[in-house]
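Overview (structure and organization)
The residues making up each chain are set out below.
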Amino acid sequence: MTNNSNTPTDMGRRTFLSRAWKAGLALIAVAGSWTTLDILRSIRSSGLGGIIRAAQATDVTEVPLYIRGAQSYLTLIDGEVVALWQRCPHLGCRVAWCDSSREFECACHGSTFNRAGEVRSGPSPRGMDRFAVAADADIIEVDTGTVTEGAPPGSESIDEPPTGAGCSGHAT
Ligand code: FES
């Protein structure tokens with residue numbers, strides 16, 4: 001008596017299992033690709049490192065305008081739009097604009113920066129870094145993937161001394 005394992009029923013089961021495995025693997029590959037593309041798309045369009053459509057050009061004035069999505073402040077310096085990265089060059093704390101002194105202040109260790117982001121006092125080794133900006137029609141776009149380091153201390157290019165008390169209460 002022989003036991004032939006290649007009966008029509010066995011062949012049908014093998015074919016079915018083989019196709020099921022292939023279909024399952026294909027499904028996993030498609031799901032993985034889809035997830036990867038989705039992550040890359042969201043980083044490029046809305047996260048730091050991408051281009052952010054930040055504001056109407058007419059909304060940018062000499063009073064810094066905070067753009068949360070670009071982690072930066074837009075302001076006019078000599079009629080030109082600049083985007084100052086909020087990250088303090090010292091140790092990375094968030095720099096805030098102070099209306100009363102009309103300076104940027106870092107509450108962590110007291111660095112201050114003028115309206116152009118140039119370092120005025122404190123331990124910061126340079127001014128606030130800048131992102132590249134461009135205009136698309138009347139929309140200001142901030143390219144958070146293109147960074148220019150701030151100038152070293154002693155490089156103030158605007159004559160705008162503090163106008164009042166600071167906001168952080170940090171002694172410098
Ligand atoms: Fe801003 Fe230290 S992190 S002064």
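Just so it is clear, the structure is predicted and the values come from calculations on it, not from any experiment.

1. Digging into the pairing of strand 10 (residues 139-148)
Strand direction decides the pairing type here: strand 1 (residues 51-56) and strand 10, joined by five bridges, are antiparallel. Bridge pairing links A55 to I140 in strand 10. Hairpin connection from strand 9 (residues 130-136) to strand 10: two residues lie between these consecutive antiparallel strands, with A137 at a positive phi of about 60°.

2. A look at the sheet that holds strand 2 (residues 65-67)
Taken together, six strands build an open sheet; the order of strands is 1-10-9-4-3-2 and the sheet is antiparallel. A single partner strand is all that each edge strand has here, and the edge strands are strand 1 and strand 2. Recorded for the sheet is a direction-independent mean angle of 35° between the axes of neighbouring strands. Across seven bridges, the pairing between strand 9 and strand 10 is antiparallel. The residue bridging A132 from the neighbouring strand is D143, located in strand 10.

3. A word on the side chain of S124
Within the secondary structure, S124 is located in the loop between strand 8 (119-121) and strand 9. A relative accessible area of 4% means that S124 is categorised as buried. Not counting the four nearest positions on each side in its chain, S124 is found in contact with P89, H90, S111, F113, V119 and P153.

4. Side note on the state of the cysteines
Scanning the model with the defined rule gives two disulfides in all. Across the disulfide, C93 is cross-linked to C108 (sulfur-sulfur distance 1.9 Å). What sets the handedness of the C93 and C108 disulfide is the S-S torsion sign, and at about -95° it is left-handed. With C93 in the loop between strand 4 (80-85) and strand 5 (95-98) and C108 in the loop between strand 6 (103-106) and strand 7 (112-113), the pair connects residues that are 15 residues apart, well separated along the chain. Residue class for C108 comes out partly exposed when judged on its relative accessible area of 35%. Along the protein chain, the cysteines that take part in disulfide bonds pair up as 1-3, 2-4, counted in sequence order.

5. With respect to the sheet that holds strand 6
In space, the four strands of this open sheet follow the order 5-6-7-8, with antiparallel pairing throughout. Pairing within the sheet leaves two strands with one partner each, and these edge strands are strand 5 and strand 8. In this structure, strand 6 lies alongside strand 7, joined through two bridges in antiparallel fashion. Residue pairing for strand 7: E105 is matched across the bridge by T112.

Reading the values: the criteria
Residues numbered from 1 in each chain as written. Predicted model: local features only at pLDDT ≥ 70, side-chain atom pairs only at ≥ 80, totals over all residues. Heavy atoms only, no water. Pairing = 2+ DSSP bridges. Helix = DSSP H or I, 4+ residues; strand = E, 2+ residues; numbered from the N terminus. Axes fitted to C-alpha atoms, helices over the stretch in contact; angles between N-to-C directions. Buried < 20%, exposed > 50% of the residue type's maximum accessible area, 1.4 Å probe, protein only. Contact = heavy atoms within 4.5 Å. Disulfide = S-S within 2.5 Å.

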